[in-house]
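The chain contents come next:
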Amino acid sequence: QYAALQATGLCDEEALLDLLRRAHHAEVFKILVRDVEGLLSVRDVGDELSSLADTILTLALPWCWSFVQPKLRGALQGTDLNKHFAIVAYGKLGGKELGYGSDLDIVFLFDDADELASERYTALVRKLIAWLTAKTSEGDLYEIDTALRPNGNSGLLVTSIQAYAKYQLQRGSNTAWTWELQAMTRARCVFGSGLLRDQFDAIRAQVLQTPRELSKLKTEVIAMRQKLYGAYPAAAHSFDIKHSPGGMMDVEFAVQYLVLAHAKDHPLLVGNVGNIELLKIAEAAQLLPSNVGTAAADAYQVLRDQQHAARLQETKAVLPDDALISERTAVLALWRAALYDG
């Protein structure tokens, strides 16, 4: 369809916005049909929705660049964007656990010595975000969250890969907070050349394998978890599958702590392979008591299944307080073993 639009001279922004939305909605519908028919596991759905988002970003970015580049001061005609620009995904997209309607947590990096590079790539990112979030007659695509960029919402929209490395590796006075390091456990590069991806992977591995004072790390992880308990309180006599004690967030925080605390001695923990596999790796490495990691992994899968079922029914992922007792017990045992007993 893109080639046809070019051939007919109708390849304007509006046409491309609609093309992206039609293609996206068609693919989501195909995934949804197989999901409802029981042909896909929750993990399969996350993989396919994440792959679709990767594809949309990969298609949209060069198209945006073709509209932005001619308007820039001193623009480099024919610049190979892939060699100079990267998109890093965090959160559900980074962990390949995207759900229907999930936001995209993404950060934008560049490796370009030109003095106007930051200006150019900022213009590109603004255009991309506008393309992804605009509502047209064909609907919308994604909400975009860039809060995980260095210095959060007060920081630059695009960051040089050198400055990003310095920030994440805590070199200098302006450095990443512990919660930002936790987010790196689920980060991956979704756009960029092989060289840029290798650069990002090397930074990520170095961040995760940095030696840390474990007592301080535990205190900060626990404090952030307590803060989120307060931000997402469950109603009386109910269990919020994601936020309540014994829920999914407890698993995710425990895994993040295990990675940041022990990846320097156990390199398998560096892999962005998902919480379930990381729990099994941690147990095999004797970082958790026998069966604690396995039981928590099984519980996490049940919690994900329940959350996914609620989303399909368009209901809140909240159950009665007496639901999923064995799964919650397994998750709390993981939390104690990782953050208090370990």
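Our subject is the structure listed above.
All values derive from a computational prediction rather than experimental measurement.

Chemist: Lay out the overall build of the chain with the relevant residues and their values.
Modeler: Broken down by element type, the chain carries 14 helices and seven strands. Compactness check: the chain gives a C-alpha radius of gyration of 21 Å against a globular reference of 20 Å for 342 residues, within 12% of the reference. Projected onto its principal axes, the C-alpha positions of the chain cover 60 × 50 × 35 Å. Within the chain, contacts between residues separated by at least 24 positions form 69% of all contacts whose residues are at least 6 apart in sequence. When the accessible surface of the chain is totalled, it reaches about 16000 Å², and 54% of it is carbon and sulfur. Within the chain, one finds 34 positive and 42 negative side-chain charges whose respective centroids are separated by 4 Å.

Chemist: An account of helix H11 (residues 248–262) is requested, with residue identities and associated values reported.
Modeler: With 15 residues, H11 ought to run about 21 Å at 1.5 Å a step, and its terminal C-alpha atoms sit 21 Å apart, in line with that. Counting buried positions along H11 gives 15 out of 15 residues, so the element sits mostly inside the fold.

Chemist: Can you break down the packing of helix H10 (residues 214–231) against helix H14 (residues 325–341) residue by residue, with the values?
Modeler: With their axes 10 Å apart at the nearest point, H10 and H14 run at an angle of 140° to one another. If you check the angle between H10 and H14, you find them oblique. Contacts between H10 and H14 involve Lys-218, Val-221, Ile-222 and Arg-225 from the first element and Trp-335, Ala-338, Leu-339 and Tyr-340 from the second. Here the contact of H10 with H14 is built from residues that sort into six nonpolar, no polar and two charged.

Chemist: Kindly report on the packing of aromatic side chains, identifying the contributing residues and their values.
Modeler: Summed over all chains, the structure comprises six aromatic pairs. An angle of 55° between the planes, with centres 5.9 Å apart, marks the rings of Phe-67 and Trp-131 as tilted. Placement of the pair is Phe-67 in helix H3 (residues 42–68) and Trp-131 in helix H6 (residues 117–133), with a sequence separation of 64 residues. Measuring from centroid to centroid gives 5.4 Å for Phe-85 and Tyr-121, while their planes differ by 40°, and the two rings are tilted. Placement of the pair is Phe-85 in strand E1 (residues 85–90) and Tyr-121 in helix H6, with a sequence separation of 36 residues. There is no split in this pair, since Phe-85 and Tyr-121 are both buried. Just above the ring of Phe-253 sits the side chain of Arg-225; from NZ or CZ to the centre is 5.7 Å. Between the NZ or CZ atom of Arg-328 and the centre of the ring of Phe-239, over which it lies, the distance is 4.2 Å.

Chemist: Please give an account of the pairing of strand E2 (residues 104–110) that cites residues and values.
Modeler: In terms of burial, E2 is largely enclosed, as seven of its seven residues are buried. Across the two faces of E2 the burial is the same, with Leu-104, Ile-106, Phe-108 and Phe-110 and Asp-105, Val-107 and Leu-109 all buried. With six bridges connecting them, E1 and E2 associate as antiparallel partners. If you follow Phe-85 over to E2, its bridge partner there is Phe-110. The pairing of E2 with strand E3 (residues 144–145) spans two bridges and is classified as parallel. Within E3, the residue paired with Leu-104 across the bridge is Ile-144. Taken together, E2, H6 and E3 form a β-α-β motif whose crossover is right-handed. Where E2 lies against strand E4 (residues 158–160), three bridges are found, and the strand directions are parallel. If you follow Phe-108 over to E4, its bridge partner there is Val-158.

Reading guide: rules and limits
- Residues numbered from 1 in each chain as written.
- Predicted model: local features only at pLDDT ≥ 70, side-chain atom pairs only at ≥ 80, totals over all residues.
- Heavy atoms only, no water.
- Helix = DSSP H or I, 4+ residues; strand = E, 2+ residues; numbered from the N terminus.
- Rg over C-alpha atoms; globule rule 2.2 N^0.38 Å.
- Contact = heavy atoms within 4.5 Å.
- Areas by Shrake-Rupley, 256 points an atom, 1.4 Å probe, with all protein chains shown as cover.
- Lys, Arg positive; Asp, Glu negative; His and termini not counted.
- Charge placed at Lys NZ, Arg CZ, Asp CG, Glu CD.
- Expected span 1.5 Å × (residues − 1).
- Buried < 20%, exposed > 50% of the residue type's maximum accessible area, 1.4 Å probe, protein only.
- Axes fitted to C-alpha atoms, helices over the stretch in contact; angles between N-to-C directions.
- Parallel < 35°, antiparallel > 145°, perpendicular 65-115°, else oblique.
- Nonpolar A, V, L, I, M, F, W, Y, C, P; charged D, E, K, R; others polar.
- Phe/Tyr/Trp six-rings, centres within 6.5 Å; stacked < 30°, edge-to-face > 60°.
- Lys NZ or Arg CZ within 6 Å of the ring centre and 35° of its normal.
- Pairing = 2+ DSSP bridges.
- Right-handed = clockwise from strand over helix to strand, strands pointing away.

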